[in-house]
Amino acid sequence: MCKMEREIFLVGIGMGTEEGVTVQARRIIRASSCLIGAQRMLDCAQRVCADAGKDSADAQKPMLAEYRPDEIVSYIEQHPEYRRIAVLLSGDTGFYSGAKRLAEQLTERFRKIQDKGAEQCRIELIPGISSVVYLAAKLNTSWEDAALVSLHGKDADFIQTVHWNRKTFLLLGGQGVMSVRKRLLDYRMDHVTVHAGSRLSYEDERIISGKPSQISEEDLKGLCTVLIENPCPERSACAHVSDEDFIRGNVPMTKEEVRAVSIARLRLTEDAVVWDVGAGTGSVSVEAARSGDRIRVYAVEKNPDAVELIRENRKKFRTDGIRVISGRAPEALGRLEAPTHVFIGGSSGNLREILICVLEKNRDARIVINAISLETVKEVMEAAESGLLRHPQITQVSVARSRELGRYHMMTGQNPVYIISAGGAEDERGEA
């Protein structure tokens, strides 16, 4: 006779109090032969079981205090006597939850077991109430029109997201809330309103609201969920910025018409890692970062004055996706993560060495080079001949701008620029 298939439920139990556990989750917890989860989750489950009655055997069921997916999978595999297991997770299983990774590992492990003709196993996710849903209800607002950013255990960017959205929810974990407050102030965003919730759903729940400068460190202890409301989010649908809008100083800058073509040639993706080598004022870095809030840009510049300008422009345009790297290429490139896209606006005669460094990191990186001098064009052609640039496409851009001369308007020509684009995984057979 075949054994009854095993059932594993990944159960979202809300914020941690029994009042926030759904009726479906309560039923599964009480009917399970074993409970697994962090101690806080197990404490909540014990209270749920106790609610069923003093004589209920549910309160005596085996429990494992564990939250690491590998350990949970091993335990389940080593204890086939438990036919109905509930793994307890905070919040909702479909919202920045460990349920995704755990479900994948369980599915893979039991698929291998089933391939050998062993028992069947059914895995089911049970939704719960997330802290975002709860906080939104407490604040009498909606959440479907908000951006969502998880900072739990991540070095994530959020300033640009806040800048472009009227509402942004932050899920906090490894990154301290005071650093969130500091970054908002660093980027001159004291006009936003911060709603921060701690110990949500518990008796000592606390929700505070105020401008970043009005919130103290004491106010922010133990926070897990934050709503930031921006009364005047960026409304532009275009990533491009006018030359006049940048803080310039005496540092050369890639002109906006050339930037437009260069950015188009880069073919940025939503999760691009961009190296801007010889970043100057950071104009290309800013436009690349503004192309998507998941794009990370490394602005590499050797000139100390230019480095400061990049930092100033990063703050002005609230593009915290830019990491400023002070140093000379290629030496400064070695410690950076592998790029998917590379813009080279200045190479100081080291183009070949820079390209070698790029290709060692990622042979499929998309590369765009700006060249003004014929000497740089010569370096480009030599790089192409040696195989460092695959299927290069060269475009010359000549721009003229009007200026007033008395009652007349005359056209003034800018320096012609060569834009060389090459590489990228999609260009294995060359560009059309």
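A quick note: this is a predicted structure, and the numbers were derived from the prediction, not measured.

Each value, and the rule that gives it
- Residues numbered from 1 in each chain as written.
- Predicted model: local features only at pLDDT ≥ 70, side-chain atom pairs only at ≥ 80, totals over all residues.
- Heavy atoms only, no water.
- Helix = DSSP H or I, 4+ residues; strand = E, 2+ residues; numbered from the N terminus.
- Rg over C-alpha atoms; globule rule 2.2 N^0.38 Å.
- Buried < 20%, exposed > 50% of the residue type's maximum accessible area, 1.4 Å probe, protein only.
- Contact = heavy atoms within 4.5 Å.
- Polar contact = N/O pair within 3.5 Å; in protein donor to acceptor, adjacent residues only side chain to side chain.
- Salt bridge = Lys/Arg side-chain N within 4 Å of Asp/Glu carboxyl O.
- Patch = residues over 30% accessible without salt bridge, like charges linked within 9 Å, V, L, I, M, F, W, Y side chains within 5 Å.
- Areas by Shrake-Rupley, 256 points an atom, 1.4 Å probe, with all protein chains shown as cover.
- Phe/Tyr/Trp six-rings, centres within 6.5 Å; stacked < 30°, edge-to-face > 60°.
- Expected span 1.5 Å × (residues − 1).
- Arc of directions from axis to C-beta.
- Pairing = 2+ DSSP bridges.
- Axes fitted to C-alpha atoms, helices over the stretch in contact; angles between N-to-C directions.

Brief notes about the overall build of the protein
Along the protein, the regular secondary structure elements total 12 helices and 19 strands. Its C-alpha radius of gyration of 28 Å places the protein more than 25% over the 22 Å reference for a compact globule of 432 residues. In terms of principal-axis extent, the alpha carbons of the protein reach across some 95 × 55 × 35 Å. Across the 432 residues in the protein, those meeting the buried criterion constitute 48%.

Some thoughts on the environment of Arg-166
Inspection of the secondary structure puts Arg-166 in the loop between α6 (159–164) and β7 (167–172). Taking relative accessible area as the criterion, Arg-166 reaches 48% and is therefore assigned partly exposed. When the C-alpha positions of Arg-166 and Glu-229 are compared, they lie 5.5 Å apart, and in sequence the two are 63 residues distant. Setting aside residues no more than four positions away along its own chain, Arg-166 makes contact with Ile-228, Glu-229, Asn-230, Pro-231 and Pro-233. Among the polar contacts listed, one links the side chain of Arg-166 to the backbone oxygen of Pro-231, at a separation of 3.1 Å.

A short note on the pattern of salt bridges
Side chains that carry opposite charge are capable of pairing whenever their charged atoms lie near each other. Taken as a whole and assessed by the stated rule, the structure comprises 23 salt bridges. A salt bridge links Asp-243 to Arg-401; the shortest N-O distance between them is 2.8 Å. Of this pair, Asp-243 sits in the loop between β10 (223–229) and α8 (256–266) while Arg-401 sits in strand β17 (residues 400–405); the two residues are 158 residues apart in sequence, bridging distant segments of the chain. Because the salt bridges share partners, they merge into one network encompassing Asp-243, Glu-257, Arg-259, Glu-287 and Arg-401.

Here we look at the side chain of Glu-287
As for its position among the elements, Glu-287 is in helix α9 (residues 283–290). The buried category is assigned to Glu-287, whose relative accessible area is 1%.

Structural notes on a nonpolar patch on the surface
Together, Ile-129, Val-133 and Trp-143 make up an exposed nonpolar region whose accessible area comes to about 230 Å². With respect to the helices and strands, the residue Trp-143 is situated in the loop between α5 (131–138) and β6 (147–151). Judged by its relative accessible area of 38%, Trp-143 is partly exposed.

Observations concerning the packing of aromatic side chains
In this structure the tally under the stated criterion is 3 aromatic pairs. Note on Phe-95 and Tyr-96: the rings are 5.1 Å apart at their centroids and 75 degrees apart in plane angle, and the pair reads as edge-to-face. For Tyr-96, a relative accessible area of 46% puts it in the partly exposed group. Ring centres of Phe-246 and Phe-317 lie 5.0 Å apart, and the angle between their planes is 50 degrees; on these two criteria the pair is classed as tilted. With a gap of 71 residues between them, Phe-246 in the loop between β10 and α8 and Phe-317 in the loop between α10 (304–316) and β13 (322–326) connect regions that are remote in the sequence. Each member of the pair, Phe-246 as well as Phe-317, is classed as buried.

Structural notes on helix α2 (residues 39–50)
In this model α2 runs 16 Å from its N-terminal to its C-terminal C-alpha over 12 residues, within 8% of the 16 Å that 1.5 Å per residue would give. Along α2, the residues that are buried comprise Met-41, Leu-42, Cys-44, Ala-45, Val-48 and Cys-49. Here the buried residues of α2 occupy an arc of 160 degrees about the axis, which is enough to place them on one side.

Regarding the sheet that holds strand β14 (residues 341–344)
Strand order in the open sheet formed by 7 strands is β13-β12-β11-β14-β15-β19-β16, with mixed pairing between adjacent strands. Among the strands making up the open sheet, the edge pair consists of β13 and β16 (393–397). Between one strand and the next, the sheet's axes are offset by a mean angle of 15 degrees, whatever the strand orientation. Where strand β15 (residues 366–371) lies against strand β19 (residues 417–423), 6 bridges are found, and the strand directions are antiparallel. Looking across to β19, one finds that Asn-370 is bridged to Ile-419.

Considering the environment of Pro-212
Tracing the chain through its elements places Pro-212 in the loop between β9 (206–210) and β10. For Pro-212 and Pro-304, which are 92 residues apart along the polypeptide, the C-alpha to C-alpha distance reads 31 Å. Beyond its immediate stretch of four places on either side in the chain, Pro-212 contacts Arg-181, Leu-184, Leu-185, Met-189, Asp-190, Val-192 and Val-194.

Here we look at unusual backbone geometry
Cis geometry marks the peptide bond from Ala-329 to Pro-330, where omega comes out at 10 degrees. The backbone phi angle of Asn-140 is positive, close to 55 degrees, even though this residue is not glycine. Here Asn-140 lies in the loop between α5 and β6. With relative accessibility at 74%, the residue Asn-140 sits in the exposed group. A positive phi angle is found at Arg-188, which is not glycine, with a value near 55 degrees.

Overview of the sheet that holds strand β2 (residues 34–37)
Pairing is parallel across the open sheet formed by 5 strands, whose spatial order is β3-β2-β4-β1-β5. Among the strands making up the open sheet, the edge pair consists of β3 (63–65) and β5 (121–126). Geometrically, the sheet is characterised by an average inter-axis angle of 15 degrees between neighbouring strands, direction not taken into account. By the bridge criterion, 3 bridges tie β2 to β3 in an arrangement that is parallel.

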